Amino acid sequence: MKMRSVGEFEFIESVKKRLPGPKSSVLGIGDDCAVLEFTADKYLLVTADMLIQDVHFDLAKVSPFKVGRKALAVSLSDVAAMAGIPKYYVVSIAVPPDAPLSALHDFYSGMMKLAAEFKVELIGGDTNRADKFICDVTVIGEVEKKLLVRRDGARAGDKIFVTGALGGSIKGRHCDFTPRVREARLLVKNFRVHSMIDISDGLSSDLRHITDASGVGAVIFDDRIPVSRDAVSKKDALSGGEDYELLFTAAGGVNEEALSGKLKIPVANIGRIVPKREGIKIVTGKYGKKDLERKGFRHF
Ligand code: ADP
Ligand code: MG
């Protein structure tokens, strides 16, 4: 059988099943970060993300500076999704031998500028040779045990919220976005958040990560989805991906106004969590209630 026929998530699941027990991690494969024991009241968070030339970016269109910024930003976004504070990063690169040194330093400048903004420190990496430029950034962070938010805590009756606006990130936002670290921290310090993920693959795909992990269903309302000015259509907002906004669920008493007021960015209530047997549905004015198709970015 080929990779193509199972796809990314099924493959990862099969790797996870092969792991011998018992595990010493609090949370291994399956969330935005791995969660490890650290101090009496804090967990350590670890996350890795890879970007590959001509798969994730085209150097004819995006500067090395922006690639560097994005390479770090996507991992900071995964730390945000656990409500953590990023602390350190490790950078591994593979480079064609004729790559200009100035471009490589620009790549590091992009990372270092963002690293300075978020106070994360470069602590190492690896350098290798390849036909295309490949980079992999690992971020290590921490989170107070009582503030950690995972994908698997959604409960029937929760409201589903999303920060910012979705879709059209391909026009540029996918390289310029600010990881929602600050917003996630404000969120968990002021509200009881049950589950959270960052939207990397697309709303319809990432919502399913929450419902699968939590063993629940969901209903979302098409007309409540915040659509970015850059989006070409509602479909784009549902499945375009690379928004790097926060998708989270909280108890019914939490409302949009209180959230937007505290976070100082728009927060939309797009639906609610329901029992698993009710499935995952979208309500549209024209078609009524129908199954939400899982359409998002797929590597295979
Ligand atoms: P995200 O989009 O939040 O970065 P991914 O979809 O890339 O998350 O990964 C989902 C989960 O699978 C994470 O826990 C990640 O660490 C794990 N994972 C991804 N690829 C592999 C792999 N090749 N081997 C083991 N675990 C993996
Ligand atoms: Mg993520």
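Look above for the structure.
Residues numbered from 1 in each chain as written. Chains lettered and ligands numbered in written order. Predicted model: local features only at pLDDT ≥ 70, side-chain atom pairs only at ≥ 80, totals over all residues. Heavy atoms only, no water.

Description of the coordination of the magnesium ion (ligand 2)
As a reminder, the rule being used: The rule for donors is simple: N, O or S, within 2.8 Å of the metal, or within 3.2 Å if the metal is Na, K or Ca. Water isn't counted, so a site may look like it is missing partners. The helix and strand labels rest on DSSP assignments: H or I over at least four residues marks a helix, E over at least two residues marks a strand, and numbering proceeds from the N terminus. Exposed residues in this analysis have more than 50% of their type's maximum accessible area, buried residues have under 20%, and partly exposed residues fall in between, with area computed by a 1.4 Å probe over protein chains only.
Only Asp32 (OD), Asp78 (OD) and Asp198 (OD) from the protein coordinate the magnesium ion (ligand 2), and they sit 2.0 to 2.1 Å from it. Each donor residue of the magnesium ion (ligand 2) belongs to the same chain, and together they define the spacing D-x45-D-x119-D. A residue pair is termed long-range when its members are at least 10 positions apart, and Asp32 in the loop between helix H1 (3–18) and strand S1 (34–37) and Asp78 in helix H2 (residues 64–81) qualify at 46 residues. Each member of the pair, Asp32 as well as Asp78, is classed as buried.

A look at a nonpolar patch on the surface
This is how the line gets drawn: In this scheme, patches are assembled from residues that exceed 30% relative accessible area and form no salt bridge. Like charges are connected within 9 Å, while nonpolar side chains (Val, Leu, Ile, Met, Phe, Trp, Tyr) are connected within 5 Å. Per-residue and other accessible areas follow the Shrake-Rupley method at a 1.4 Å probe size, with only the shown protein chains counted as cover for residues. One side-chain nitrogen of Lys or Arg within 4 Å of one carboxyl oxygen of Asp or Glu is enough to make a salt bridge.
Taken together, Phe11, Ile12, Val15, Leu19 and Ile29 make up a surface patch of nonpolar side chains, about 370 Å² in accessible area. Taking relative accessible area as the criterion, Phe11 reaches 40% and is therefore assigned partly exposed.

Re the site of ligand 1
This is how it is decided: The cutoff for a nearby residue is simple: one of its non-hydrogen atoms must lie within 4 Å of the molecule or strand. By the criterion applied in these results, polar contacts are pairs of N or O atoms within 3.5 Å in which, for protein atoms, one can donate a hydrogen and the other can accept it, and in which residues neighboring in sequence qualify only through two side-chain atoms. Two kinds of site are reported from a 1 Å grid over the protein atoms alone, namely cavities, where a 1.4 Å probe fits but cannot get out, and pockets, open sets with protein on both sides within 12 Å along at least five of seven lines, and residues are called lining when an atom falls within 4 Å of a point. Any molecule with more than half of its atoms within 2 Å of a cavity's or pocket's grid points is regarded as sitting in that cavity or pocket. For this classification, Asp, Glu, Lys and Arg are treated as charged, while Ala, Val, Leu, Ile, Met, Phe, Trp, Tyr, Cys and Pro are nonpolar and the rest, including Gly, are polar.
With respect to spatial proximity, the complete set of residues near ligand 1 consists of Glu8, Phe9, Ile12, Ile29, Gly30, Asp31, Asp32, Asp49, Asp78, Arg151 and Ser200. At 2.9 Å, a side-chain N or O of Asp32 approaches an oxygen atom of ligand 1. Side-chain polar atom of Arg151 to an oxygen atom of ligand 1: 3.3 Å apart, as the coordinates give it. Protein burial of ligand 1: of its 560 Å² of free accessible surface, 65% is covered by the chains. Mapping ligand 1 onto the cavity grids shows that it belongs to the largest pocket. When residues in the shell around ligand 1 are grouped by element, the largest group, three residues, is from H1. The class makeup of the residues in the shell around ligand 1 is three nonpolar, two polar and six charged.

Notes on the pattern of salt bridges
In total, this model carries 18 salt bridges according to the counting rule given. Among the salt bridges present, the one from Glu117 reaches Lys113, with a minimum N-O distance of 3.8 Å. In this pair, Glu117 and Lys113 both sit in helix H3 (residues 101–118), four residues apart, roughly one turn of the helix. In this structure, Glu245 and Arg180 form a salt bridge, with 2.8 Å as the shortest nitrogen-oxygen distance. Placement of Glu245 in the loop between helix H7 (234–239) and strand S9 (246–250) and of Arg180 in the loop between helix H4 (173–176) and helix H5 (181–190) is noted, with a sequence separation of 65 residues between them.

Focus: the sheet that holds strand S4 (residues 121–129)
Backbone-to-backbone hydrogen bonds join strands into a sheet, with any given pair of strands oriented parallel or antiparallel. Note the threshold: Only strands that DSSP links by at least two bridges are regarded as paired with each other. Whenever a helix is involved, its axis is fitted only over the stretch in contact; in every case the axis is a line through C-alpha atoms, and angles between N-to-C directions fall within 0 to 180 degrees. Note on contacts: a residue pair is in contact if any heavy atoms of the two residues lie within 4.5 Å.
Strand order in this open sheet of five strands is S1-S2-S5-S3-S4, and the pairing throughout is mixed. A single partner strand is all that each edge strand has here, and the edge strands are S1 and S4. Going across the sheet, the axis of each strand differs from the next one's by a mean of 20°, ignoring polarity. Judged from the nine bridges that link them, strand S3 (residues 85–95) and strand S5 (residues 134–144) form a sheet pairing that is antiparallel. Within S5, the position partnered with Ala94 by the bridge is Ile134. Here H3 sits on the sheet and contacts S3, S4 and S5; the angle it forms with S3, its principal contact strand, is near 175°.

Nothing here speaks to function; it is all geometry.
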